[in-house]
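Residue-level structural notes
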Amino acid sequence: MKQSILDIARVIDAQPSSWQDVDIQILLTDSRSLSEPAVTLFFALCTEHNDGHRYILDLYEKGVRNFVVQHDFTGQDRIPEANCLWVKDTLGALQELAASHRKQFAIPIIGITGSNGKTIVKEWLYQLLHDTFSIVRSPRSYNSQTGVPLSVWQLNEQTQLGIFEAGISLPKEMERLESIILPTVGIFTTIGEAHQENFFSQEEKCLEKLTLFESAEKIIYNEDQMLVKYCMEKKGFLNKTFSWSTKNEEAPLFISKIEKEIDHTVISGKWKMESGKWKIPFTDDASIEDAIHCLALILYLAPDLTDLSMRFEKLDPVAMRLDVSKGVNGNILINDTYNSDINSLSIALDFMARRSVDNQLKRVLILSDILQSGMVPAAFYRKVAELVHQKQVQHIVGIGPNLMSHSNLFSMDKDFYPTTESFLDSGIWRKLKDSIILIKGSRKSRFERISEQLEEKVHQTVLEVNLDAVIYNLKYFRSKLKSSTKVICMVKAFGYGVGSYELAKTLQERGADYLAVALADEGAELRREGITMPIMVMNPEEHAFNTLFEYNLEPEIYNLNMLDAIIRETERRGILRYPIHIKLDTGMHRLGFDARDIPVVAEKLNVQTGVVVKSVFSHLAGSDSPLLDDYTQTQIELFTQTSNQLEKLLAYPVMRHLLNSAGIERFPQAQFDMVRLGIGLYGISVVDEKVLKPVASLKTRILQIREVKKGETVGYSRKGIVTRDSQIACLPIGYADGLDRRLGNGNGKALINGVLCPTTGTICMDICMVDITDAKAEEGDEAIIFGEQITISELADQLQTIPYEILTSISPRVKRIYYKE
């Protein structure tokens, strides 16, 4: 859908001005999500912690020309070509525009609210109905004052059904969302304690949520929830409900039987003069209730579906936000810090119970104060204690003043602390062993610090990473580029072995434009650690699409099968204009489209709305070698021609990038719109390594020193023959840490107290031996394997390999230590 900026100005009652007319397609509230500047309208929202006006000048420099603003801002005299629509309240303007857009569609619109289950019901309705209707639905959990208008804006001429969820945390919020969604059919999932702290009672919160259905023709709900039924009656809604019940046979949908098996549940029901059975591949109570909500909606909206039973059998689970990982001392860790209400605690405890059945691990709960509660603390924590007891938790660690005050309510093994810091300082976490540990805390509690300790890897061998050197090297390569050229920083393969998160955090702070990883899991980990800048995935796999979409990762697309697959998946999920990057093969002959594929690629892209091409790129095969310069020039020419052809056929601008680190230094004339900075970021140059700073140093310490007589041998197979009376030091580093076995028997050296000490004997899995006879050393002294004095490039030349291999071979068990001068 397109809408004229002049029409938008009229709808949101912007102050009169002389605007340049343009058609708007994209509404933007987060400057980091910019995709197509020319058709974007940016709303400068003002929140408690941020102000969107701060990002206007940067967006203008990136090509955005249309802004909705509410106050003066820095740089407003430097954006002469901008359309600035001045309003009293930018959030209100966004909502007014979405509400106006919604009124253009006379189609069924489903509005979903409640305390829990909104997203699952929405996603399952899509799974059940997407073969029958062209559906637009809320992306992910876009149910807030900002998310709802952005969701509704997606409605277009092809839409036959809209499904939107609405969430609130404060009184009077739902009235604004109701005017935007205007649901024709409502679903009320359940009433719980989430966000209860802002309401006087559950009744008040329930009545506020029901405001969503003021104009609805029909409301789906579970009439066995007496409070919800009472509130329906109080609002005068009972005459327009399609309720379901497991108790009332007169309900429009009577659920007569629920039969749970090991891996599925059979739901039997009656409605009107008919009856039926539906099997779902779930057994938990929450999923069963969510499925019945979906069943009631379909029996009302699309009762003639003949294959409904088969559709329910094929329901897929909606991804849970529970992280499972191995911990120290035989522990298994379950991390769940997304919700902090009692309902999500119950779900997480159920999950822990299922995980512990087979292995008989002790059940341990590390729990923070639960912030989203409107109950009297004593009554609330009594309820928490009852739940913890019911789920057979054997040991609880409670953290926070409220839990401490009510510790007497818990009857199992227990420890309580006022803060996360005091728990960590106590050291009791070191005693946890052979347990399954649920770490359940609000984000405010910063329980990730507890997870880090329980997952801690202890090893004397470390890789020190100089973040100042990273910044220096980035500035050096930027000095080779035009100011408008963007930089993609490669942090794949665990940041080339040095550790991706701290590196990514530093690059984000220093204004890098993009990050690139190899796999979706690498990008997901960065997102979980708080990295918000755009992330490109260079080697995406079809089975990882869920991770891509969940964490907003942008995939490289390199063949027609992958292109078809991602288009299908975006359509299935109701996603619009998801950014992708097209890979061309210009001579590497690895991944990528050939030039002859471009017309077909463009044709497929032009008849869909699920994806949009953010960039087109290729790889140079020999930019580091002067012997291959002619071939490199051929690649540059082919890329120029092919990328121009694709952009022309798509009829919208696409960024281009070709150069890697060596290319930036040797072929700056081919920098196009972006470049990819990889090994150069880590201090490796093909032109002059002295201009860069080494980023990583591999260090260890002497475990033991022994005297070995002339003629004796050291290590396996007696290959280390001692030619003089010697002092031999054992270092806790071996080939399992990434030390190449070819460096044994004198081929490698360690720098100890300024002296290069040769290896003796073969490199073992966890240990190597070096001759320190000429170095004055003691047990515990530092030994440097590579760094400033022994460079990675020198080590690579010695092993007849490349620096990439040296860095990426460093084992994850080697602890990374990050520092700044």
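Every chain is numbered independently, its residues counted from 1 as its sequence is written. A pLDDT threshold of at least 70 governs which residues receive local features in this predicted model, and a stricter bar of 80 or more applies before side-chain atom pairs are shown or counted, although totals over entire chains, interfaces and linings include all residues. Working from all heavy atoms in the structure, the side-chain values ignore hydrogens and water.

**Considering the pattern of salt bridges**
Going by this rule: A side-chain nitrogen of Lys or Arg and a carboxyl oxygen of Asp or Glu constitute a salt bridge if their distance falls within 4 Å. Put simply, DSSP marks the helices as runs of H or I at least four residues long and the strands as runs of E at least two long, and each gets a number from the N terminus on. Burial here depends on accessible area, computed with a 1.4 Å probe over protein chains only, as a share of the maximum for the residue type. Under 20% is buried, over 50% is exposed, and the range in between is partly exposed.
Evaluated as defined, the whole model comprises 28 salt bridges. Its salt-bridge partner being Lys-699, residue Glu-782 comes within 3.9 Å of it at the nearest N-O pair. Of this pair, Glu-782 sits in strand 39 (residues 782–786) while Lys-699 sits in strand 31 (residues 696–701), and the two are 83 residues apart along the sequence. With relative accessibility at 16%, the residue Lys-699 sits in the buried group. The partner of Arg-724 in a salt bridge is Asp-774, and the shortest N-O contact between them spans 3.1 Å. Taken together, the positions of Arg-724 in the loop between strand 34 (720–721) and strand 35 (726–731) and Asp-774 in the loop between strand 38 (768–771) and strand 39 put the pair 50 residues apart, joining distant regions of the chain. With relative accessibility at 55%, the residue Asp-774 sits in the exposed group. Through salt bridges that share partners, Lys-122, Glu-123, Arg-137 and Glu-165 make up one connected network.

**Here's the deal with the sheet that holds strand 4 (residues 40–43)**
Where we set the bar: Only strands that DSSP links by at least two bridges are regarded as paired with each other. The convention used is that axes are lines fitted to C-alpha atoms, helices contributing only their stretch in contact, and that angles between N-to-C directions extend from 0 to 180 degrees. Contacts are assigned to residue pairs that have any heavy atoms within 4.5 Å of one another.
Pairing within the open sheet is parallel, and its four strands lie in the order 3-4-5-6. Looking at strand neighbours, the two that pair on one side only are strand 3 (26–28) and strand 6 (83–86), the edges of this open sheet. Across the sheet, the mean angle from the axis of one strand to that of its neighbour is 20°, orientation sign disregarded. Two elements, strand 5 (residues 66–69) and strand 6, share four bridges in a ladder whose sense is parallel. Paired with Val-69 across the two strands is Trp-86, which belongs to strand 6. Here helix 3 (residues 90–102) sits on the sheet in contact with strand 3, strand 4 and strand 5, set at roughly 135° to strand 4.

**Comments concerning helix 3**
To be explicit about the condition: Here, expected helix span is obtained from the residue count minus one, scaled by 1.5 Å. What qualifies as a polar contact is a pair of N or O atoms within 3.5 Å, subject to a donor-acceptor requirement within protein and to the restriction that residues adjacent in sequence count only when both atoms come from side chains.
The end-to-end C-alpha distance of helix 3, which contains 13 residues, comes to 18 Å, matching closely the 18 Å that a straight helix rising 1.5 Å per residue would cover. With 10 of its 13 residues buried, helix 3 lies for the most part within the structure. Here helix 3 has its buried residues at Thr-90, Gly-92, Ala-93, Leu-94, Gln-95, Leu-97, Ala-98, Ala-99, His-101 and Arg-102. Where helix 3 begins, the side chain of Asp-89 points an oxygen toward the backbone nitrogen of Leu-91, at a separation of 3.2 Å.

**A look at the nonpolar core**
Applied cut-off: Throughout, nonpolar core names a set of buried Ala, Val, Leu, Ile, Met, Phe, Trp, Tyr and Cys residues whose side chains join them through atoms within 4.5 Å.
In this structure, Leu-507, Leu-515, Ile-580, Ile-582, Ile-752 and Phe-786 are the most contacted members of the largest nonpolar core, which totals 113 residues. Looking at this core element by element, the count peaks at six residues for helix 16 (residues 467–478). Other than its neighbours up to four places away in sequence, Ile-580 contacts Pro-555, Ile-557, Leu-563, Ile-566, Leu-605, Val-611, Val-612, Val-613, Lys-614 and Ser-615. With 37 residues, the next largest nonpolar core counts Leu-129, Val-185, Ile-292 and Cys-294 among its residues.

**Focus: the environment of Pro-803**
Along the chain, the position of Pro-803 falls in helix 26 (residues 803–808). What makes Pro-803 buried here is its relative accessible area of 13%. Those residues in contact with Pro-803 that sit more than four places away from it in its chain are Ile-679, Ile-684, Ile-792, Ser-793 and Ala-796.

**Remarks on the pairing of strand 15 (residues 274–280)**
Looking at chain direction, strand 14 (residues 265–271) and strand 15 are connected through seven bridges and run antiparallel. Opposite Thr-265, over in strand 15, you have Ile-280 as the bridge partner. Once strand 14 ends, the chain turns through two residues before running back antiparallel as strand 15, passing Lys-272 with a positive phi of about 50°.

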